[in-house]
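Per-entry structural report
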Amino acid sequence: MLLKLGAHISNCLDRAADAEDRAQQSADSATRSDNELLAQSWRHLARGYEFVESLERFLSDTTSYKKIPPEIPVDPVEQPAAPENKPIIRRPRVHHEASFKDRLLKSAQDAREQAAGLPPGTPRDRLLQKARQSETAANIDTWISSPGTGPPDGFGLTKKPGA
């Protein structure tokens, strides 16, 4: 379900503008500083709402193509083995040559190349969707790996004031 946050975003931006007006009209430097901080906080909240909207759009796009697989019936006769009878199975550790971001971008490039050879239709659309998802995942990985808190460029959110 997509949240309609446009009214909240507008409200936050209006409050930020009001706080900036109060800061400009204030003669006291402490009051001016408080109002500037308040305006910055309102803008930050608006960016948070914008991010939630974009994330929900992204998630709704990816879930609309998925079909729920039928449940696998559980055989009531079959009992799982007791934990003490099961050996501990350890996965072999895989050391990748390329970084996670590079592997995602390579996956996106491969999907686009495969899609280029297909006629318009569902298989081609799925490959293009996979490419977009891989590129978005690479951007998100870069974003959360960076020391800053801002979203990546071109993510559709407004910039921080003074940044």
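Residues numbered from 1 in each chain as written. Predicted model: local features only at pLDDT ≥ 70, side-chain atom pairs only at ≥ 80, totals over all residues. Heavy atoms only, no water.

**So, the packing of aromatic side chains**
The description of two aromatic rings rests on the distance between their centres and on the angle between their planes. To be explicit about the condition: Pairing of aromatic rings covers Phe, Tyr and Trp, the last counted by its six-membered ring, and requires centre-to-centre distances within 6.5 Å; plane angles under 30 degrees mean stacked, over 60 mean edge-to-face, and any other angle means tilted. Only runs of H or I of at least four residues qualify as helices and only runs of E of at least two qualify as strands under DSSP, and these elements are numbered from the N terminus. Each residue is assigned to one of three classes by its accessible area relative to the maximum for its type, calculated with a 1.4 Å probe on protein chains only: buried under 20%, partly exposed between the two thresholds, exposed over 50%.
In this structure the tally under the stated criterion is 1 aromatic pair. A centroid spacing of 5.0 Å and a plane angle of 75° characterise the contact between Phe-51 and Trp-143, whose relative ring orientation is edge-to-face. Of this pair, Phe-51 sits in helix α2 (residues 29-63) while Trp-143 sits in helix α4 (residues 122-145), placing them 92 residues apart in sequence. Classification of Trp-143 as buried rests on a relative accessible area of 16%.

**Remarks on the pattern of salt bridges**
Rule in force here: Put simply, a salt bridge is a Lys or Arg side-chain nitrogen that is within 4 Å of an Asp or Glu carboxyl oxygen.
Applying the stated criterion across every chain, the model contains 3 salt bridges. Across the pair Asp-110 and Lys-106 runs a salt bridge, and its minimum N-O distance is 2.8 Å. In this pair, Asp-110 and Lys-106 are both assigned in helix α3 (residues 100-116), 4 residues apart and thus about one turn of the helix distant. Residue classification places Asp-110 among the partly exposed positions, given a relative accessible area of 27%. Between Glu-135 and Arg-112 there is a salt bridge; the shortest N-O distance is 3.0 Å. With Glu-135 in helix α4 and Arg-112 in helix α3, this pair connects stretches of sequence that are 23 residues apart. The class of Arg-112 is partly exposed, set by a relative accessible area of 33%.

**Let's talk about α3**
A turn of α-helix holds 3.6 residues, and therefore any two residues three or four places apart point the same way. Just so we agree on the cut-off: To estimate the expected span of a helix, subtract one from its residue number and multiply by 1.5 Å. This arc describes the spread of directions from the helix axis toward the C-beta atoms. Contacts between residues were defined by any pair of non-hydrogen atoms, one from each residue, lying within 4.5 Å.
Between its first and last C-alpha atoms α3 spans 24 Å; for 17 residues at 1.5 Å apiece the expected length is 24 Å, and the two agree. Along α3, the positions that sit buried rather than exposed are Leu-104, Ala-108, Ala-111 and Ala-115. All buried residues of α3 project into a common sector of 65° when viewed along the axis, lining one side. Of the exposed residues in α3, the ones pointing more than 90 degrees away from its buried face are Glu-113, Gln-114 and Ala-116. Elements in contact with the buried residues of α3: α4.

**Here we look at the packing of α3 against α4**
Packed helices, taken two at a time, are described by their axes: the angle between them and the distance between them. The condition that has to hold: Interaxial angles span 0 to 180 degrees and are taken between N-to-C directions of axes, which are lines fitted to C-alpha atoms, for helices over the stretch in contact. Roughly parallel here means an angle under 35 degrees, roughly antiparallel means over 145, roughly perpendicular means 65 to 115, and every remaining angle is called oblique. A crossing counts as left-handed when the near helix is turned anticlockwise from the far one by less than a right angle, and as right-handed when that turn is clockwise. Side-chain classes are defined by residue name, with Ala, Val, Leu, Ile, Met, Phe, Trp, Tyr, Cys and Pro counting as nonpolar, Asp, Glu, Lys and Arg as charged, and the others, Gly among them, as polar.
One way to put it is that α3 packs onto α4 with a least axis distance of 8 Å and a crossing angle of 160°. When the axis of α3 is compared with that of α4, the two are roughly antiparallel. For the crossing formed where α3 meets α4, the hand is left-handed. Contacts from Phe-100, Lys-101, Leu-104, Leu-105, Ser-107, Ala-108, Ala-111, Arg-112, Gln-114 and Ala-115 in α3 reach Arg-124, Leu-127, Leu-128, Lys-130, Ala-131, Arg-132, Ser-134, Glu-135, Ala-137, Ala-138, Asp-141 and Thr-142 in α4. A breakdown of the residues in the contact of α3 with α4 according to their chemical character gives 11 nonpolar, 4 polar and 7 charged.

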